[in-house]
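# Report on the structure
So the chains spell out like this:
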Amino acid sequence: MTDNLYTPKEGRPMIQHKIIISDINSLLGQAGGLSGAAFADTKTLTPPDDGVLLVVTNDHETARKAVSDETGKVYTIFVEAYADVKDIAGKLLDIRHPDEPAELLAISVSNAVGKIRSELDLWFYRHTLETTIDTVPDMLWYKRLDGIHMMVNDAFTNIVHKSKEDVAGKDHFYIWDAPRPTEGNEFTCAESEEIAISTGQTYICDEPVKTRDGMMQLVTYKTPLYDKFGTVFGTVGVGHDVTNFSRMGIELSILIENMPFPMTIFYSDWKILRMNSLFREILGDDYTDDFDYKSWKLTKPIPAGTQHADPKKHSVTREYRVEVGGELRSYIFTELEIHDFFDNITGYLCTMQDVTYQRAYENSIIKAANTDILTGMYNRRYFYQLLGTRRGLRYHLIYLDLDHFKQINDNYGHTVGDEVLVKTAELIHEHFPDAISARLGGDEFALVDDLHSADYLTVQCERFRDDVENSFAEYDQGTSVSIGISYNDGTTKNIDELIHESDERMYTQKRSKPK
């Protein structure tokens, strides 16, 4: 008969073994068939090509013939006196007494089928396992809890230069020709094994090992193994050789670390791959193990220019101001896409160029070009340029000119005259703090105010005039100030008209004063 006694668990397809049982109807009598199956006549005792043969007989000659089969595919149950087959008893699958009920023989045959199936399953799964792991190009091993290796694959033996038979039953120190520790764990890599076992999950870590061929860098994957009752009895490990990649990584790290500017390489999801210390110094306390570059850039750096994208170079550049060590510094951020052979984005290269000193130098040049060196106020050129940028805006333009300033220069000298001009500038900033002010030349000043009304400015001008007269009364030259105010509504006057109007009003006031 073909065995139908074993049914695979639901959802778990198993290999089906063909087991033929010899004709035992005469032995079973009316006890009934095995699972209702019919029995085949196998007088020749020849096992099938695609299965095995279970011979159940009470003839000792048949039993002897069956156990002499050299294929290993014939199993025998003898149903007669033990004395008849004493010399071959060790080769028999079972010996049953001829007087026992047929039902017990049926149970014995059923159990024998299960035992044969288990033996065939064991061989199948072991062969499948060994073939599978030997096909894997990475190192693969099975360990007991005490670190003894139970099984390894060909890739493992090739690296350690030892056979599977030599490795089986041995520990790390023997296999890797490593010196044994005088104290501590009985086997190396114990910590990673314990993490995998305690968490019940695959643990991934980097492990350097010394081989006869030199140092190797492995990325290892270790997973606990459980028995039928849920007890951990060992671990399975896979070692992926990344020696060449690690060397490349080390070289890359050294290269990035020695760059004279902040640099970071990110994965395609903007997680950090490599970051040098200069970059981390800029981040300061913001740098953590789970640092989010995108979020940081949105909240901490202050944009200081427009963004420039270069489609050909796959890059984006923009200037930012970043506070570093309590100082606000200027950096040009450049983010460059990293593409693979298939033009997929595999990462990003981010650099920061410190342009703090350049910007300070540029600002100093701009300031020198736009500022009156004596008073620190804007000069005529920049003031007129500034007015040109305010077309269409509403504002008041105030012209100021010191009265009898020439007499101070003539009677007290230009040093005192310069002091008067500086003091005048200070009074302007004091009385008109919200205005844009400039020294147009000599003792002539101008202001632009777009926040206050004409009435307010008129009052402020009177207060300013009083302060000027009081500040310079000691010179006894009648020093005061003439003021002209004009208003631009943003539509009716151009700059020249506005300046001319303020200038005329200022001189009208000056001419009305006693000389």
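See the structure printed just above.
Residues numbered from 1 in each chain as written. Predicted model: local features only at pLDDT ≥ 70, side-chain atom pairs only at ≥ 80, totals over all residues. Heavy atoms only, no water.

The tally for this structure, following the rule as stated, stands at 23 salt bridges. Here Arg-329 and Glu-327 are joined by a salt bridge, their closest N and O atoms 3.0 Å apart. Across the salt bridge formed by Glu-501 and Arg-505, the nearest N and O atoms sit 3.0 Å from each other. One end of the pair is Glu-501 and the other is Arg-505, both in helix H16 (residues 495–511) and four residues apart, which spans about a single turn. Linked by salt bridges that have partners in common, Lys-143, Glu-193, Glu-207 and Lys-222 make up one network. (Salt bridge = Lys/Arg side-chain N within 4 Å of Asp/Glu carboxyl O. Helix = DSSP H or I, 4+ residues; strand = E, 2+ residues; numbered from the N terminus.)

The relative placement of two packed helices comes down to the angle between their axes together with the axis-to-axis distance. Contact pair helix H14 (residues 414–431) / helix H15 (residues 454–471): the axes reach a minimum separation of 10 Å and the direction vectors enclose 150°. Between H14 and H15, the crossing angle belongs to the class labelled roughly antiparallel. Both H14 and H15 take part in a crossing whose hand is right-handed. Between H14 and H15, the contacting residues are Lys-423, Thr-424, Leu-427, Ile-428, Glu-430 and His-431 on the first element and Gln-460, Arg-463, Phe-464, Asp-467, Val-468 and Ser-471 on the second. Along the lines of polarity and charge, the residues of the contact of H14 with H15 split into four nonpolar, four polar and four charged. (Axes fitted to C-alpha atoms, helices over the stretch in contact; angles between N-to-C directions. Parallel < 35°, antiparallel > 145°, perpendicular 65-115°, else oblique. Left-handed = near helix turned anticlockwise from the far one by under 90°. Contact = heavy atoms within 4.5 Å. Nonpolar A, V, L, I, M, F, W, Y, C, P; charged D, E, K, R; others polar.)

Pairing within the open sheet is antiparallel, and its four strands lie in the order S18-S19-S17-S20. Looking at which strands have only one partner, the edges of the open sheet turn out to be strand S18 (436–441) and strand S20 (480–488). Here the average twist between neighbouring strands, direction ignored, is 20°. Where strand S17 (residues 395–403) and strand S19 (residues 444–449) come together, six bridges link them in antiparallel fashion. Across the sheet, residue Leu-397 finds its bridge partner in S19, namely Val-448. Helix-sheet contacts for H15 involve S17, S19 and S20, and the interaxial angle to S20 is about 165°. (Pairing = 2+ DSSP bridges.)

One key point about sheets: their strands pair by backbone hydrogen bonds, in either a parallel or an antiparallel sense. On the basis of which strands lie adjacent, the open sheet formed by four strands has the order S1-S2-S3-S4 and parallel pairing. Both edges of this open sheet fall to strand S1 (18–21) and strand S4 (94–96), since each of them pairs with a single strand only. Strand after strand, the sheet turns through a mean of 20° between neighbouring axes, direction not considered. The pairing of S1 with strand S2 (residues 51–57) spans four bridges and is classified as parallel. Across the sheet, the residue bridging to Ile-19 is Val-52, located in S2. Each of S2 and strand S3 (74–79) touches helix H2 (residues 60–67); the most contacted strand, S3, lies at about 160° to it. Against the sheet, helix H3 (residues 102–135) contacts S1, S2, S3 and S4, and its axis sits at roughly 155° relative to S2.

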